[in-house]
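Structural features, examined
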Amino acid sequence: MSHSTLSSFKTTFQPVMAMFDAIPNYLKGILLALVSTGLFVVVGVLVRMLSSTIDTFQILLFRQVVFLAILMPAIKANIPVLLKPKKVKLHLLRITGAFFALYLGFVTVSNIPLADAKAIGFLQVLFVALISRMCLSEAVSASRWFTILVGFLGVMLIVQPNFADASFFYIVLGALGALGAATAVVCVRKVAQTEPRITLLAYQAIFVGLLALIPSLYSWQWPTFNELCLLILVGAISSVAQWFGVSAYKWGEANVIANVEYISILYSIALGYLLFAEIPNSIAFLGAAVLISSVAIPYLYKAIRPNARADN
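Described in the following lines is the structure provided in the data block. (Residues numbered from 1 in each chain as written. Predicted model: local features only at pLDDT ≥ 70, side-chain atom pairs only at ≥ 80, totals over all residues. Heavy atoms only, no water.)

**Considering the overall build of the protein**
- Counting its secondary structure elements, the protein contains 14 helices and 0 strands.
- Secondary structure of the protein in N-to-C order comes out as α-α-α-α-α-α-α-α-α-α-α-α-α-α.
- Within the protein, counting contacts between residues at least 6 apart in sequence, those at least 24 apart form 89% of the total.
- With an accessible surface of roughly 15700 Å², the protein has 72% of that area assigned to carbon and sulfur atoms. (Helix = DSSP H or I, 4+ residues; strand = E, 2+ residues; numbered from the N terminus. Contact = heavy atoms within 4.5 Å. Areas by Shrake-Rupley, 256 points an atom, 1.4 Å probe, with all protein chains shown as cover.)

**A few points about the packing of aromatic side chains**
- Per the counting criterion, the structure on display carries 9 aromatic pairs.
- Between Phe-57 and Phe-99, the ring centres sit 6.4 Å apart and the planes meet at 20°, which makes this aromatic pair stacked. With Phe-57 in helix H3 (residues 56-77) and Phe-99 in helix H5 (residues 88-111), this residue pair connects regions lying 42 residues apart in the sequence. As far as the burial class goes, Phe-57 and Phe-99 line up, both buried.
- Seen from their ring centres, Trp-220 and Trp-222 are 5.3 Å apart, and the 80° between their planes marks the pair as edge-to-face.
- Using a relative accessible area of 29% as the deciding quantity, one classes Trp-220 as partly exposed.
- Among the aromatic residues, those joined into a ring-pair cluster are Phe-57, Phe-99, Phe-100 and Tyr-103. (Phe/Tyr/Trp six-rings, centres within 6.5 Å; stacked < 30°, edge-to-face > 60°. Buried < 20%, exposed > 50% of the residue type's maximum accessible area, 1.4 Å probe, protein only.)

**Focus: helix H10 (residues 197-218)**
- Taking 1.5 Å per residue as the helical rise, H10 with its 22 residues ought to reach 32 Å, and the 33 Å between its terminal C-alpha atoms agrees with that figure.
- In the structure, H10 departs most strongly from a straight axis at Ala-212, where the bend amounts to approximately 30° and where the proline Pro-215 lies between one and four residues downstream.
- Taken together, the buried residues of H10 touch H3, helix H4 (79-82), H5, helix H9 (168-191) and helix H11 (225-251). (Expected span 1.5 Å × (residues − 1). Bend = angle between axes of the 7 residues up to and from the residue.)

**Things to note about the packing of H3 against H11**
- Put simply, H3 and H11 touch, their axes get as near as 8 Å, and they point 60° apart. Judged by the inter-axis angle, H3 sits oblique to H11. In this structure, H3 meets H11 at a crossing whose hand is right-handed. In this structure, H3 uses Ile-59, Phe-62, Arg-63, Val-66, Phe-67 and Ile-70 to contact H11, whose residues at the interface are Leu-228, Leu-231, Ile-232, Val-234, Gly-235, Ala-236, Ser-238, Ser-239 and Gln-242.
- By residue class, the composition of the contact of H3 with H11 is 10 nonpolar, 4 polar and 1 charged. (Axes fitted to C-alpha atoms, helices over the stretch in contact; angles between N-to-C directions. Parallel < 35°, antiparallel > 145°, perpendicular 65-115°, else oblique. Left-handed = near helix turned anticlockwise from the far one by under 90°. Nonpolar A, V, L, I, M, F, W, Y, C, P; charged D, E, K, R; others polar.)

**Considerations on the environment of Val-186**
- Tracing the backbone shows Val-186 in helix H9.
- The spacing of Val-186 and Phe-127 is 59 residues in sequence and 9.7 Å in space, taken between C-alpha atoms.

**Considering the packing of H5 against H10**
- Closest axis-to-axis distance for the H5/H10 pair is 9 Å, and the angle between their directions is 55°. Of the possible angle classes, the one that applies to H5 and H10 is oblique. Between H5 and H10 the crossing geometry is right-handed. Here His-91, Arg-94, Ile-95, Ala-98, Phe-99 and Leu-102 of H5 come into contact with H10, specifically with Thr-199, Leu-200, Leu-201, Tyr-203, Gln-204, Phe-207, Val-208, Leu-211 and Ala-212.
- Tallied by class, residues from the contact of H5 with H10 come to 11 nonpolar, 3 polar and 1 charged.

Next up, the structure:
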């Protein structure tokens, strides 16, 4: 990118950046998390489409390869930083959690009804609250627990999962995937305070890809052109979503930002209607109202009382 092009880019987006800098940090985290969550819902739709013909490990491998290709210029420019991580154990724990979250999440959504898989995935919010309280000493008040549980009730009303039709084995895998995702989230929150974003993104791109490489070779199948395009989209959209997600945890507390994950069910409803003509029933609309209230009320309270904490 030439100097003139870069200057033009900065000039174009300067008003947006100025507005972003002016808002409180907790709101910055929430806005970034909303974008990240929406993009990951799109990724889930693409994975669902691919899973009938492409092995889960292969989907995960392509995701990481595209992610790595996008990051390569930044990786080359930051090699000295990447070679000197400050929190090696947390990086290892985060990579392990991310791998199991991605793989088990893909397996779950490919083998049980989508509503059941979505419901299980939201266990991540509860796990994040528990882990962040124990490991990060982040305050999770009684009102925050109430907000989380009410939000979870809203999710159940929307998805109305029927676990009688789902294999117990895949339910357990989905729960383990949610635990892995929560572990990765809390590690990101801790590491992001001392490490640059490129370290978090590059390590996940490289090492999760390596973990997926060997098992993907056992069931390798050359994708068709259409499948290849979808695989590249999975990687590209995931990369952008990951960047927004890591940035969100830079600005906000883990248990607060994770609660925004509930909004992904609303994105799912919108995509279901637009792509598959799926119209939610009245119970689902009630659940949506409960869900929006559970997320919005704490921040409306903070807006009214600026000295109050958003998670109180």
